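Chain by chain, the residues:
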Amino acid sequence: MQTKEKQIREKYEKITKTLITKHLTITTMESCTAGMVASLLTDTEGSSAVLRGAFITYSNEAKIMQGVPAEIIEKYGVYSEETARAMAAACRKAYGADFGIGVTGTMGNADPENNDSVPGEVYFAIASEKGPESFSRTLDPEATRNAYKLVVCDMIADELIRELWQTL
């Protein structure tokens, strides 16, 4: 396993172990990462105590079906901080979790179904009892889809660690 991927996996192990220790729960609603955040969280023994469930909402319709208001997508676009916040809040509410993660963005080619698609632009949010906090990032080109996903998961891990340590 490459060093960077190993470091990302270690961050998620730290996150999961902290959630277990503190009896906190988490959920995700993922689009461009297609469930990789949830997968990384569950690579640690005992993760079933903290991951309430997860949604992979690759299409706009799937996001709406899982609680993202259509008006948010229509007004701000599917690739926006507003949509990421709505995703994080919706999954947190659906599963009654302490934390919700929402992530949307464009990796590689532009999305022909959504005119707000800009390759390399990613938006994610972390929702907690304080409400959702959103983030916007521009990605450098990567060789593979998996590499893009790992980069985004790493960014999410850094912010989630910061959020967890502020909460504890």
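On a predicted model such as this, the values are computed, not experimentally measured, just so you know.

Caption draft 1: Geometry of the overall build of the protein. Each helix and strand in the protein was counted, giving six helices and five strands. Starting at the N terminus and walking to the C terminus, you meet the elements of the protein as α-β-α-β-α-α-α-β-β-β-α. For 168 residues, the compact-globule estimate of 2.2 N^0.38 gives 15 Å, and the C-alpha radius of gyration of the protein, at 15 Å, lies within 12% of that figure. Its C-alpha atoms put the protein at 45 × 35 × 25 Å along the principal axes. Considering the protein as a whole, with its 168 residues, one finds that 51% of them fall into the buried category. Sequence-distant contacts, at least 24 apart, represent 67% of the contacts inside the protein between residues at least 6 apart.

Caption draft 2: Expanded view of the nonpolar core. Core analysis: the largest hydrophobic core is formed by 33 residues, its most contacted members being Tyr12, Ile15, Leu19, Ile26 and Ile156. Elements with a contribution of two residues or more to this core: helix H1 (3-22), helix H2 (36-41), strand E3 (99-105), strand E4 (121-128) and helix H6 (145-167). Broken down by element, the residue count for this core peaks at 10 residues, all from H6. Each residue touching isoleucine 26, except ones within four places of it in the same chain, is listed here: Leu19, Leu41, Val50, Leu51, Arg52, Gly53, Ala97, Phe99, Ile101 and Leu160. Formed by 15 residues, the second largest nonpolar core is a distinct cluster that contains Met29, Val68, Ala88 and Ala127.

Caption draft 3: Representation of the sheet that holds strand E1 (residues 26-30) in the model. Sheet architecture is open: five strands sit in the order E2-E1-E3-E4-E5, paired in mixed fashion. The open sheet has two edge strands with one neighbour each: strand E2 (51-56) and strand E5 (131-138). Each strand of the sheet is rotated relative to its neighbour by a mean of 10°, with strand direction disregarded. Across six bridges, the pairing between E3 and E4 is antiparallel. Bridge pairing in E4 places glycine 105 opposite valine 122. Against the sheet, H6 contacts E1, E3, E4 and E5, and its axis sits at roughly 25° relative to E4.

Caption draft 4: Up close: the packing of aromatic side chains. Under the definition given, this model contains two aromatic pairs. With a centroid separation of 5.2 Å and 40° between ring planes, the pair formed by phenylalanine 55 and tyrosine 95 is classed as tilted. Here phenylalanine 55 is found in strand E2, whereas its partner tyrosine 95 is found in helix H5 (residues 81-95), with 40 residues between them in sequence. For phenylalanine 55, a relative accessible area of 14% corresponds to the buried category. What makes tyrosine 95 partly exposed here is its relative accessible area of 26%. Measuring from centroid to centroid gives 5.0 Å for phenylalanine 124 and phenylalanine 135, while their planes differ by 25°, and the two rings are stacked. Within this pair, whereas phenylalanine 124 is found in strand E4, its partner phenylalanine 135 is found in strand E5, the two being separated by 11 residues in sequence. No difference in accessibility class separates phenylalanine 124 from phenylalanine 135, as the two residues are buried.

Caption draft 5: Expanded view of the pattern of salt bridges. Applying the stated criterion across every chain yields a total of 11 salt bridges. For glutamate 5, the salt bridge identified is with arginine 9, shortest N-O distance 3.1 Å. You can see glutamate 5 and its partner arginine 9 sitting in helix H1, four residues apart, about one turn around the helix. Residue class for arginine 9 comes out partly exposed when judged on its relative accessible area of 31%. For the salt bridge of glutamate 159 with arginine 137, the shortest nitrogen-to-oxygen distance reads 3.0 Å. In this pair, glutamate 159 sits in helix H6 while arginine 137 sits in strand E5, placing the two residues 22 residues apart along the sequence. A relative accessible area of 13% means that glutamate 159 is categorised as buried. Taking the relative accessible area as the measure of exposure, arginine 137 reaches 26% and is therefore partly exposed. Residues joined in a network through salt bridges with shared partners are Lys4, Lys11, Asp154 and Asp158.

The rules behind these values
Residues numbered from 1 in each chain as written. Predicted model: local features only at pLDDT ≥ 70, side-chain atom pairs only at ≥ 80, totals over all residues. Heavy atoms only, no water. Helix = DSSP H or I, 4+ residues; strand = E, 2+ residues; numbered from the N terminus. Rg over C-alpha atoms; globule rule 2.2 N^0.38 Å. Buried < 20%, exposed > 50% of the residue type's maximum accessible area, 1.4 Å probe, protein only. Contact = heavy atoms within 4.5 Å. Core = buried A, V, L, I, M, F, W, Y, C linked by side-chain atoms within 4.5 Å. Pairing = 2+ DSSP bridges. Axes fitted to C-alpha atoms, helices over the stretch in contact; angles between N-to-C directions. Phe/Tyr/Trp six-rings, centres within 6.5 Å; stacked < 30°, edge-to-face > 60°. Salt bridge = Lys/Arg side-chain N within 4 Å of Asp/Glu carboxyl O.

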